[in-house]
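Take a look at the letters that make up each chain.
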Amino acid sequence: MSPRKLADTARALLANDKGVLAMDESIPTCNKRFASVGIPQTTEARRAYREMILTTPGLAASISGVILCDETIRQQKKDGTPFLNVIADAGMIAGIKVDTGAVDLSAHPGERITKGLDGLRERLNEYARMGARFAKWRAVITIGPGIPTRGCIEANAQDLARYASLCQEAGMVPIVEPEVLMNGDHTMERCQEFTGEVLHAVFHQMFEQGVLLEGMLLKPNMVLPGLTCSKQKSIDEVGHATVQCLLRSVPAAVPGILFLSGGQTATLASARLNAMNQKFSAPLPWEVGFSFARAIQQPALDIWRGDEANTIGAQHALNHRASCNRSARRGEYNASMEKS
Ligand code: 13P
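This write-up is about the structure you can find in this document. (Residues numbered from 1 in each chain as written. Predicted model: local features only at pLDDT ≥ 70, side-chain atom pairs only at ≥ 80, totals over all residues. Heavy atoms only, no water.)

1. Brief notes about the site of the ligand
Point 1. Around the ligand, the structure places A22, K136, R138, E177, K219, L260, S261, G262, S291, F292, A293 and R294.
Point 2. At 2.9 Å, a side-chain N or O of E177 approaches an oxygen atom of the ligand.
Point 3. For the ligand, an oxygen atom lies 2.5 Å from a polar atom in the side chain of S261.
Point 4. With respect to the pocket detection grid, the ligand is positioned in the largest pocket.
Point 5. For the shell around the ligand, the class distribution of residues is 4 nonpolar, 3 polar and 5 charged. (Near = heavy atom within 4 Å. Polar contact = N/O pair within 3.5 Å; in protein donor to acceptor, adjacent residues only side chain to side chain. 1 Å grid on protein atoms, 1.4 Å probe; cavity = no way out; pocket = protein on both sides within 12 Å on 5 of 7 lines; lining within 4 Å. Sits in = over half its atoms within 2 Å of the grid points. Nonpolar A, V, L, I, M, F, W, Y, C, P; charged D, E, K, R; others polar.)

Following this line, the structure appears as structure tokens:
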């Protein structure tokens, strides 16, 4: 691995206030999203949807890189052009999700562990040969009665660090995604406590595994009250709690933090990202950006609905969300942008 090349890729993904578009839903997750809006759950529908996204005119003005899944990285446009060429021609960087999903963690009821380390070195080398320059692995942590346990946090943190180290060996920048889920009725304070604990464990394991911090990107959850918590918080309270948590647990050598959206509405995700960059940015050692899936794609999916006649409207919605989030990186987003 070349430390310089890894750091350059990480910096390129953060450059010019752009963000990363996660369009790497696994086949079952993509099918679930399609079912919710009445789109047939076929290989061709998934391919057409990804073509609609990747051919959005002007997307690269706000998006530096896109995360694909194994199915999509091997697909082409209807005219036969490989998606990887479409991405490169637009000036974006291709990334690949390399975990193979979360399963129940043995002896830990209600907790999950992410799979995908078996054969990972070979898969990473293949993706690198295809042209992918970065990767993603998502671990999920659930807050509930008696959970998360140390056993679950440590197992996921170690696997994230092993993944990150293998990525760097293959010359790819690892996006390290430990997601503390927003499902549940827990308070924002509990989310902050566990997000901090998880991040400490992840960075400790990355230290143990020799991961180069300058050549990785962190993709955490924002610190939020649970979806059904009775004490919801203001945009500024969320921004403050999130920045405080990250300052306490993320080393300054990490070049950037790219939030996941995690089920927040598209506009709230933009507003909260904006608050962090506008009001709490002065002491931040890393760039604070986005790598949203739902908070960029959902409005476009609702318009597209599998019908080619809706392509232009859906692409407009995609561009709108991407550019709102780019504005949020600069602390220049405001609600009036949603009206225009
Ligand atoms: P959401 O933004 O929809 O949470 O997805 C981000 C992601 O990449 C999940 O792995």
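Alright, that's what it looks like, and here's the rest.
2. Considering the side chain of S64
Point 1. With respect to the helices, strands and loops of the structure, S64 is situated in strand β2 (residues 63–68).
Point 2. On the basis of relative accessible area, S64 is assigned to the buried category, the value being 5%.
Point 3. Among the polar contacts made by the side chain of S64, one reaches the main-chain carbonyl oxygen of L13 at a distance of 2.7 Å.
Point 4. The contacts of S64, once residues within four sequence positions are left out, are A12, L13, K18, G19, V20, G91, M92 and I93. (Helix = DSSP H or I, 4+ residues; strand = E, 2+ residues; numbered from the N terminus. Buried < 20%, exposed > 50% of the residue type's maximum accessible area, 1.4 Å probe, protein only. Contact = heavy atoms within 4.5 Å.)

3. Here we look at the packing of helix α7 (residues 150–169) against helix α8 (residues 188–208)
Point 1. Across the interface, α7 lies against α8 with an axial gap of 8 Å and an inter-helix angle of 40 degrees. Considered as vectors, α7 and α8 are oriented oblique to each other. Crossing of α7 over α8 shows right-handed handedness. On α8, the residues that touch R150, I153, E154, A157, Q158, L160, A161 and A164 of α7 are E197, V198, A201, V202, Q205 and M206. (Axes fitted to C-alpha atoms, helices over the stretch in contact; angles between N-to-C directions. Parallel < 35°, antiparallel > 145°, perpendicular 65-115°, else oblique. Left-handed = near helix turned anticlockwise from the far one by under 90°.)

4. Observations concerning the packing of aromatic side chains
Point 1. A full pass over the atoms with the stated rule returns 5 aromatic pairs.
Point 2. Their ring planes at 85 degrees and their centres at 5.4 Å tell us that F34 and Y49 sit as a pair that is edge-to-face. Of this pair, F34 sits in helix α2 (residues 27–36) while Y49 sits in helix α3 (residues 43–54), and the two are 15 residues apart along the sequence. Comparing F34 with Y49, the two get one shared label, buried.
Point 3. Ring geometry for F34 and W304: centres 6.2 Å apart, planes at 50 degrees, overall tilted. Of the two residues, F34 is situated in helix α2 and W304 in helix α11 (residues 294–304); the sequence distance between them amounts to 270 residues. W304 carries the same exposure label as F34, and that label is buried.
Point 4. Through a chain of ring-to-ring contacts, the aromatic side chains of F34, Y49 and W304 assemble into a single cluster. (Phe/Tyr/Trp six-rings, centres within 6.5 Å; stacked < 30°, edge-to-face > 60°.)

5. Things to note about the pairing of strand β7 (residues 173–180)
If a strand is regular, its side chains alternate between the two faces of the sheet.
Point 1. Most of β7 sits inside the fold, with 8 of its 8 residues counted as buried.
Point 2. Burial of the side chains of β7 extends over both faces: V173, I175, E177 and E179 are buried on one face and P174, V176, P178 and V180 on the other.
Point 3. The pairing of strand β6 (residues 134–141) with β7 spans 8 bridges and is classified as parallel. Looking at β7, one finds that I141 is bridged to V180.
Point 4. Each parallel crossover has a hand, and the one from β6 via α7 to β7 is right-handed. (Pairing = 2+ DSSP bridges. Right-handed = clockwise from strand over helix to strand, strands pointing away.)

6. Remarks on helix α9 (residues 235–249)
Point 1. With 15 residues, α9 should cover 21 Å at 1.5 Å per step; its first-to-last C-alpha distance of 21 Å lies within 8% of that length.
Point 2. For α9, the elements touching its buried residues are α8, β8 (217–218), β9 (256–259) and α10 (266–279). (Expected span 1.5 Å × (residues − 1).)

7. A short note on unusual backbone geometry
Point 1. Look at the link from I147 to P148: it is a cis peptide, with omega at 10 degrees.
Point 2. Here P148 shows up in the loop between β6 and α7.
Point 3. The phi torsion at N16 lies on the positive side, around 55 degrees, for a residue other than glycine.
Point 4. On the basis of relative accessible area, N16 is assigned to the exposed category, the value being 54%.
Point 5. Phi at D17 takes a positive value of approximately 60 degrees, unusual for a residue other than glycine.
Point 6. Here D17 lies in the loop between α1 (3–14) and β1 (19–22).

8. What about the environment of L268?
Point 1. Along the chain, L268 turns up in helix α10.
Point 2. Overall, L268 belongs to the partly exposed group, its relative accessible area being 30%.
Point 3. Remark: the alpha-carbon pair of L268 and L6, spanning 262 residues in sequence, is separated by 32 Å.

9. Observations regarding the side chain of Q192
Point 1. Mapped onto the elements of the fold, Q192 is located in helix α8.
Point 2. With residues up to four places along the chain from it excluded, the contact list for Q192 reads V223, A241, Q244, C245 and R248.

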